[in-house]
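Tertiary structure, described
The primary structure of each chain is shown beneath.
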Amino acid sequence: MSDLPRGDLSVILGAQWGDEGKGKLSDILCGQAEVCARCQGGNNAGHTIVIGETKYDFHLLPSGLVNPNCIAFVGSGVVVHLPAFFEELEKLEKKGLNCDKRLFVSDRCHLVFDLHQTVDGLKELELGRGSIGTTRKGIGPAYSSKASRSGLRIHHLYNFDDFSSKFRIMVENKRKRYGNFEYDTEAELVRYKALADRLKPFVVDGALFLHEKIKEGKRILVEGANALMLDLDFGTYPYVTSSNTAIGGVCTGLGVPPSRIKKIIGVVKAYTTRVGGGPFPTEQLNEVGEHLQTVGFEFGVTTGRKRRCGWLDMVVVKYSTMINGYTSLNITKLDILDTLPLIKVATEYYLNGECLPSFPSDLELLEKITIKYVELPGWQSDISKCRTWDELPENAKKYIEFIEKESGVPVEWIGVGPSRDAMISKPVFQ
């Protein structure tokens, strides 16, 4: 395993539709990192870290908090629901994590209010059968407020009279759009006055904070939320999240130049899953999909929703690699394939007999494609106790090598179970 560079950024990004298992790699690399940062999204994300018998669920806070020597930073591109922030913090501290003076939040973060969550639900009802299947955490409406320049940021809390005036206007504007829904504006303001006081020790200048850590030569790990195929611009629009989940979101969400990014690790589940609506070319609505869902325990950390499951799609992985420029890959949940005698991998999409050069933007076109699969023999043995590359069965190695060949990116880590030690570090020769 290569070391994280000093004074530069190492980035972990989801390469599919999210839920790839980014949290465990983040946990492992935070053993080296001195700062772990979030750059986009909100509490619609979900990481699970397992340490011994204890399971930690992260939604808004950086999962680097499990390392007592690591500072966690919520960057300016993140949208923050303060009640969820403190609820998550309290749950972590009850499980024994000491987060005192290790958690910081940018003053430039936009706020997510219960108002946004109400609007999120109303928008989904309005869309009816064409709904996107959001987490209804208010993330999309909060980013909409940001883009329309009507949002409120954390620093606004510390001029509370002005904040209150702007918040009342925000509520009235939403009522003009969605009708006179029930919402106690004044009670919310009372709540946010108390939350502002409670938050103040965590607030830092979001632009300056990370650059100071860079100057100090700290090892900085950036934890991407969601994944490339949910990116607002490059994902399966409109079935996407409301932020830029690709590598560009790191620069805009943290205020750092691209030249500071030295490692970009793409996390790829050994098969494919997605939550909510939207296209999923390799989805298996059969016993294979049921096997992956059951054995892989595919339920969303944030929503508890059952995940849709299918074969690994290398068209998606290659497209994701093209956008994000991964320097290495982490293949997760390889053990879920242990009992399958035959494993399929999608390698090409065809339309009217012609091979498509990349993942298409037009979702209607996606419905008409045929998929070319390569069939690989399974290993039909338990790999959950393997801890080195040499211990893996030959067919498991061939599966990993096939991914490397198709993607053009070396695999550096292989997940073979849920615990933090169930990760194989594979030698990489650049």
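Let me sum up the structure you'll find in this document. The model shown is predicted, which means the values in this text are computed figures rather than measured ones.

Considering the environment of Val 190
Along the chain, Val 190 turns up in helix α6 (residues 185-199). Residue Val 190 is classed as exposed on the basis of its relative accessible area, which comes to 61%. For the pair formed by Val 190 and Leu 152, sequence separation is 38 residues and the distance between their alpha carbons is 16 Å.

Some remarks on the packing of helix α2 (residues 82-94) against α6
In contact at an axis separation of 10 Å, α2 and α6 are set at 50° when each is read in the N-to-C sense. Viewed along their axes, α2 and α6 adopt a mutual orientation that is oblique. For the crossing formed where α2 meets α6, the hand is left-handed. Packed against α2, whose contacting residues are Leu 82, Pro 83, Phe 85, Phe 86 and Glu 90, the element α6 presents Arg 191, Tyr 192, Leu 195, Arg 198 and Leu 199 at the interface. The class makeup of the residues in the contact of α2 with α6 is seven nonpolar, no polar and three charged.

Some points on the packing of helix α5 (residues 160-178) against α6
At a minimum axis separation of 11 Å, α5 and α6 run at an interaxial angle of 145°. In this structure, α5 crosses over α6, and the sense of that crossing is right-handed. The residues of α6 that touch α5, namely those facing Phe 160, Phe 163, Ser 164, Phe 167, Arg 168, Val 171 and Arg 175, are Thr 185, Glu 186, Glu 188, Leu 189, Tyr 192 and Lys 193. Residue composition of the contact of α5 with α6, by class: six nonpolar, two polar and five charged.

What about the pattern of salt bridges?
Pairing between side chains of opposite charge can happen when the charged atoms of each approach one another. Under the criterion given, the structure shown has 25 salt bridges. Two residues, Glu 20 and Lys 22, come together in a salt bridge whose shortest N-O distance is 2.8 Å. Taken individually, Glu 20 and Lys 22 each receive the classification buried, so the pair is uniform in this respect. Between Glu 406 and Lys 318 there is a salt bridge, with the nearest N and O atoms lying 3.4 Å from each other. Of this pair, Glu 406 sits in helix α12 (residues 394-407) while Lys 318 sits in helix α10 (residues 314-324), placing them 88 residues apart in sequence. Through salt bridges with shared partners, one network takes in Asp 19, Lys 269, Glu 298, Arg 307 and Lys 333.

A word on the packing of aromatic side chains
One pass over the full model with this rule turns up 17 aromatic pairs. Look at Phe 113 and Phe 163: their rings are 6.1 Å apart centre to centre, the planes differ by 50°, and that puts the pair in the tilted class. In this pair, Phe 113 sits in the loop between β8 (110-111) and α3 (114-127) while Phe 163 sits in helix α5, placing the two residues 50 residues apart along the sequence. Like Phe 163, Phe 113 is buried. Positioned above the aromatic ring of Phe 181, the side-chain terminus of Arg 175 is 5.6 Å from the ring centre.

As for the environment of Asp 100
By the secondary structure assignment, Asp 100 is in the loop between α2 and β7 (103-106). Given a relative accessible area of 53%, Asp 100 falls into the exposed group. Asp 100 sits 29 residues away from Ile 71 along the chain, and the two C-alpha atoms are 9.9 Å apart.

A few points about the state of the cysteines
Inspection of the entire model under this criterion finds zero disulfides. Here Cys 251 is not cross-linked by a disulfide; its sulfur's nearest cysteine counterpart is in Cys 39, at 9.1 Å. Residue classification places Cys 251 among the buried positions, given a relative accessible area of 17%.

Section: the nonpolar core
With 74 residues, the main nonpolar core has Leu 254, Leu 334, Leu 337 and Tyr 399 as its most contacted residues. Not counting chain neighbours up to four residues away, the residues in contact with Tyr 399 comprise Ala 270, Leu 312, Leu 334, Leu 337, Ile 343, Val 345, Leu 376 and Trp 379. The next biggest cluster of nonpolar side chains, apart from the first, holds 42 residues, and it includes Ile 49, Phe 167, Tyr 183 and Phe 202.

Let's talk about unusual backbone geometry
Put simply, Tyr 237 and Pro 238 share a cis peptide bond, and its omega is 5°. Here Pro 238 is to be found in the loop between β10 (220-223) and α8 (248-254). One non-glycine residue, Lys 101, lies in positive phi territory at about 60°. With respect to the element layout, Lys 101 can be found in the loop between α2 and β7. Take Lys 101: its relative accessible area is 70%, and that puts it in the exposed class.

Examining the sheet that holds strand β19 (residues 411-415)
Read from one edge of the open sheet, ten strands run β9-β7-β5-β2-β10-β1-β11-β15-β19-β20, paired in mixed fashion. Every other strand in the sheet has two partners, leaving β9 (203-204) and β20 (423-425) as the edge strands with one partner each. Here three bridges tie β19 to β20, and the two strands are oriented antiparallel to one another. What sits directly across from Ile 414, in β20, is Ile 424. Set on the sheet, helix α1 (residues 22-29) makes contact with β1 (9-14), β2 (35-38), β10, β11 (261-269), β15 (328-332), β19 and β20; between it and β1 the angle comes to about 160°.

Some words on the side chain of Ser 76
Within the secondary structure layout, Ser 76 lies in the loop between β5 (71-74) and β6 (79-80). Polar contacts involving the side chain of Ser 76 include one to the side chain of Ser 106, which spans 2.7 Å. Filtering out sequence-adjacent residues up to four positions away, Ser 76 remains in contact with Ser 106, Arg 108, Cys 109, Lys 146, Gly 206 and Gly 253.

The rules behind the values
Residues numbered from 1 in each chain as written. Predicted model: local features only at pLDDT ≥ 70, side-chain atom pairs only at ≥ 80, totals over all residues. Heavy atoms only, no water. Helix = DSSP H or I, 4+ residues; strand = E, 2+ residues; numbered from the N terminus. Buried < 20%, exposed > 50% of the residue type's maximum accessible area, 1.4 Å probe, protein only. Axes fitted to C-alpha atoms, helices over the stretch in contact; angles between N-to-C directions. Parallel < 35°, antiparallel > 145°, perpendicular 65-115°, else oblique. Left-handed = near helix turned anticlockwise from the far one by under 90°. Contact = heavy atoms within 4.5 Å. Nonpolar A, V, L, I, M, F, W, Y, C, P; charged D, E, K, R; others polar. Salt bridge = Lys/Arg side-chain N within 4 Å of Asp/Glu carboxyl O. Phe/Tyr/Trp six-rings, centres within 6.5 Å; stacked < 30°, edge-to-face > 60°. Lys NZ or Arg CZ within 6 Å of the ring centre and 35° of its normal. Disulfide = S-S within 2.5 Å. Core = buried A, V, L, I, M, F, W, Y, C linked by side-chain atoms within 4.5 Å. Pairing = 2+ DSSP bridges. Polar contact = N/O pair within 3.5 Å; in protein donor to acceptor, adjacent residues only side chain to side chain.

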